[in-house]
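Listed below are the residues making up each chain.
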Amino acid sequence: MTLPIGVLISGGGSNLQALIDRMEAGVLDVTIQTVISNIPGVKGLDRAAKHGIFSQTLSHRDCPDRESYDRVLVRALRDAGAQAVVLAGFMRLVGPELLAAFPGRVLNIHPALLPSFPGLHAQNQAAEHGVRLAGCTVHFVDEEVDHGPIIIQAAVPALPGEGAEMLGNRILTLEHRVFPQAVQWLAEGRLDVQGRQVVVRPGERPLATRNDLPPCLIFPPLEDGF
Ligand code: GRF
């Protein structure tokens, strides 16, 4: 079964590209019904166009408040036939209205090991804090910032003095692997949320055998194709 999703972006869309690539490789069972950017002219919109995916710019600036912007998003997502929503570098908070329209079906990727460093510039926060392990988190979205139940995390070593940019790049490489995997688990209906705990039910795919990852720890482990 293929899950129709909407992807919300605000920028470069490299995570969107990772989803498209896994989709086109035939391992991610979703169709991207629409890509929506709140910022005009971003590269992510070009990526969508290049792959024949319907995209639209819906600026939050055209709405007087968060609630009305949420309503605009819900309408656009529903009109496009989306049944789940994936926030791929979407730099706006989504509110109760959108969450109620897609209950348990809104995912976000955050470039830190939550609950450390929620909010903006997480890679900078981690580098400045001097952590020895940094990483990324895919989680269900709830009404608090970068807070909902955690689906998968990847940790990478943080090298003293390497700076936020290099660390951020290393984290991004892992984002591109764990995000499509989490979306696939959602598409397969394998995610059980029990309070803050997310259980990934066993599936039919064997674990990944690709050996092209930098030093990292990913849990739950990636499955074949991701
Ligand atoms: C990623 O680091 C993501 O974790 C964060 O915003 C960044 C978006 O990058 N939420 P891209 O637009 O997917 O390239």
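In every chain, residue numbers begin from 1 and rise along the written sequence. A pLDDT threshold of at least 70 governs which residues receive local features in this predicted model, and a stricter bar of 80 or more applies before side-chain atom pairs are shown or counted, although totals over entire chains, interfaces and linings include all residues. Think of the side-chain values as coming from all heavy atoms in the structure, minus any hydrogens and water.

What follows covers the pattern of salt bridges. Take a side-chain nitrogen of Lys or Arg and a carboxyl oxygen of Asp or Glu: if they are within 4 Å of each other, that pair is a salt bridge. Overall, the coordinates contain nine salt bridges when judged by the stated rule. Measuring nitrogen to oxygen at the nearest pair gives 3.2 Å for the salt bridge that ties Asp 212 to Arg 177. Taken together, the residues span a long stretch of sequence, with Asp 212 in the loop between strand E9 (197–200) and strand E10 (217–219) and Arg 177 in helix H6 (residues 163–187) at a distance of 35 residues. On the basis of relative accessibility, which here comes to 45%, the residue Asp 212 falls in the partly exposed class. Between Arg 210 and Asp 212 there is a salt bridge, and its shortest N-O distance comes to 3.3 Å. The helix and strand labels rest on DSSP assignments: H or I over at least four residues marks a helix, E over at least two residues marks a strand, and numbering proceeds from the N terminus. When a residue's accessible area, from a 1.4 Å probe over protein chains only, is under 20% of the maximum for its type it is buried; when over 50% it is exposed; and in between it is partly exposed.

As a further point, take the site of the ligand. Proximity criterion: a residue is near a molecule or strand once any of its heavy atoms comes within 4 Å of it. Neighbouring residues of the ligand: Gly 12, Gly 13, Ser 14, Asn 15, Gly 89, Ile 109, His 110, Pro 111, Gln 123 and Glu 175. Within 3.5 Å is the distance limit for a polar contact, defined as a pair of N or O atoms, with the added protein rule that one can donate a hydrogen and the other accept it, and that residues adjacent in sequence qualify only through two side-chain atoms. Within the side chain of Ser 14, a nitrogen or oxygen atom sits 2.5 Å from an oxygen atom of the ligand. Separating an oxygen atom of the ligand from a side-chain N or O atom of Glu 175 is a distance of 2.6 Å. Burial of the ligand by the surrounding chains reaches 82%, relative to a free accessible area of 370 Å². Any residue with an atom within 4 Å of a point lines the site, the site being either a cavity, points on a 1 Å grid over the protein atoms alone where a 1.4 Å probe fits but cannot get out, or a pocket, an open set with protein on both sides within 12 Å along at least 5 of 7 lines. A molecule is counted as occupying a cavity or pocket when more than half of its atoms fall within 2 Å of that pocket's grid points. In a pocket analysis with a 2 Å cut-off to the grid points, the ligand is assigned to the largest pocket. All amino acids are sorted into three groups, where Ala, Val, Leu, Ile, Met, Phe, Trp, Tyr, Cys and Pro are nonpolar, Asp, Glu, Lys and Arg are charged, and the leftover types, Gly among them, are polar. Residue classes in the shell around the ligand are distributed as two nonpolar, seven polar and one charged. Boundaries between domains were set according to an automatic or database domain assignment. Per-domain counts for the shell around the ligand show at least three residues from each of domain 1 (1–103) and domain 2 (109–137 + 148–226). Shrake-Rupley sampling with a 1.4 Å probe provides the accessible areas, and residues are treated as covered by the protein chains on show and by no other component.

This part is about the domain arrangement of the protein. When cut into domains, the protein gives domain 1 (1–103) and domain 2 (109–137 + 148–226). Here the C-alpha centre of domain 2 lies 20 Å away from the C-alpha centre of domain 1. Whether two residues touch is decided by their heavy atoms; if any such pair falls within 4.5 Å, the residues are in contact. In this assembly, 17 residues from domain 1 lie in contact with 15 residues from domain 2. By definition, the buried area sums, over both parts, the 1.4 Å-probe accessible area that each loses when the two are put together. Note on domain 1 versus domain 2: buried area summed over both sides is about 1300 Å², and carbon and sulfur give 66% of it.

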